[in-house]
Each structure stands twice: as C-alpha cells, then as structure tokens.
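Residue-level listing of the chains:
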Amino acid sequence: MAADTTKKDPETGLVADENLYMVKAQCTSCHSSKLILANRFTRDGWKQKIRWMQANHNLWELGDTEKQVLDYLEKNYAPTASVARRAALKDIKWYKLEQN
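Residues numbered from 1 in each chain as written. Predicted model: local features only at pLDDT ≥ 70, side-chain atom pairs only at ≥ 80, totals over all residues. Heavy atoms only, no water.

Peer 1: Explain the overall build of the chain to me, using residue names and the numbers behind them.
Peer 2: Within the chain, the regular secondary structure consists of four helices and zero strands. Beginning at the N terminus, the succession of helices and strands in the chain can be written as α-α-α-α. Taken over the C-alpha trace, the chain has a radius of gyration of 21 Å; the compact-globule value for 100 residues is 13 Å, which it surpasses by more than 25%. Scored against the burial criterion, the 100 residues of the chain give a buried share of 28%. (Helix = DSSP H or I, 4+ residues; strand = E, 2+ residues; numbered from the N terminus. Rg over C-alpha atoms; globule rule 2.2 N^0.38 Å. Buried < 20%, exposed > 50% of the residue type's maximum accessible area, 1.4 Å probe, protein only.)

Peer 1: Before we move on, can you summarise the packing of helix α3 (residues 43–56) against helix α4 (residues 65–76) with the specific residues and values?
Peer 2: Following both chains from N to C, one finds α3 and α4 inclined at 130°, their axes separated by 9 Å at the closest point. By the angle class used here, α3 and α4 are oblique. Handedness of the α3/α4 crossing: right-handed. Residues Arg43, Trp46, Lys47, Ile50 and Arg51 of α3 pack against Glu66, Lys67, Val69, Leu70, Asp71, Leu73 and Glu74 of α4. For the contact of α3 with α4, a count of residues per class yields five nonpolar, no polar and seven charged. (Axes fitted to C-alpha atoms, helices over the stretch in contact; angles between N-to-C directions. Parallel < 35°, antiparallel > 145°, perpendicular 65-115°, else oblique. Left-handed = near helix turned anticlockwise from the far one by under 90°. Contact = heavy atoms within 4.5 Å. Nonpolar A, V, L, I, M, F, W, Y, C, P; charged D, E, K, R; others polar.)

Peer 1: An account of the nonpolar core is needed here, citing residue identities and associated values.
Peer 2: Ranked by internal contacts, the top residues of the largest apolar core, which has 16 residues, are Leu14, Val23, Ile36, Val69, Tyr72, Leu73 and Tyr77. Of all the elements in the fold, those that place two or more residues in this core are α1 (20–26), α3 and α4. For Leu73, the contacting residues outside a window of four places in its chain are Ile36, Trp46 and Ala78. (Core = buried A, V, L, I, M, F, W, Y, C linked by side-chain atoms within 4.5 Å.)

Shown next, in the form of structure tokens:
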C-alpha cells in the first residue's frame, strides 16, 4: 500500500498547493480548517456552502478570489468514490458438499 505523500500545511492540516493561501485568507479567518477537512463536496456543493455562509453568517463577497477558492476545494476536497460492497461474483462453479 502506498503512503500518502500529499503535502499538508502544518498550521491548518489542509493540502498545500498554489491556492491554499487564498483559502486560508477567505475561509479560516472565520472558522477552523477542520470544517473543510470534515467535508467533501462537488464544486457546486462548495459554491452552495459559500452562498449559505453569505446569506446566514455575513460572509463577504469573494469577488475574483471565489474561483481560486473553488478551484482549491474542488481539487482537494471533492467527494471520493468508495465501494461499500465488493463486485458481484461472476462465473461461479458450484459443487456439492459431501457429508461424512
């Protein structure tokens, strides 16, 4: 199994990339980075959360920086595919158990 080699910001625990500084400026000035780390949304889902914070928690208009924030969140905190069950078995050769 490969180790996770993603670089993390030591201050926030968020993935380090070119747009992290904007997320820190726009998001973690009001709430903990743990709120981001605990969620995964599509780009549209993150945008809806921003709109909700603007409507309900006095988040300011992000203007031109909104694209950078959404690019970062979509790239690093989008939903991940997970498999809850294994795939169905195919081409099974059944045999009769013999009892002693």
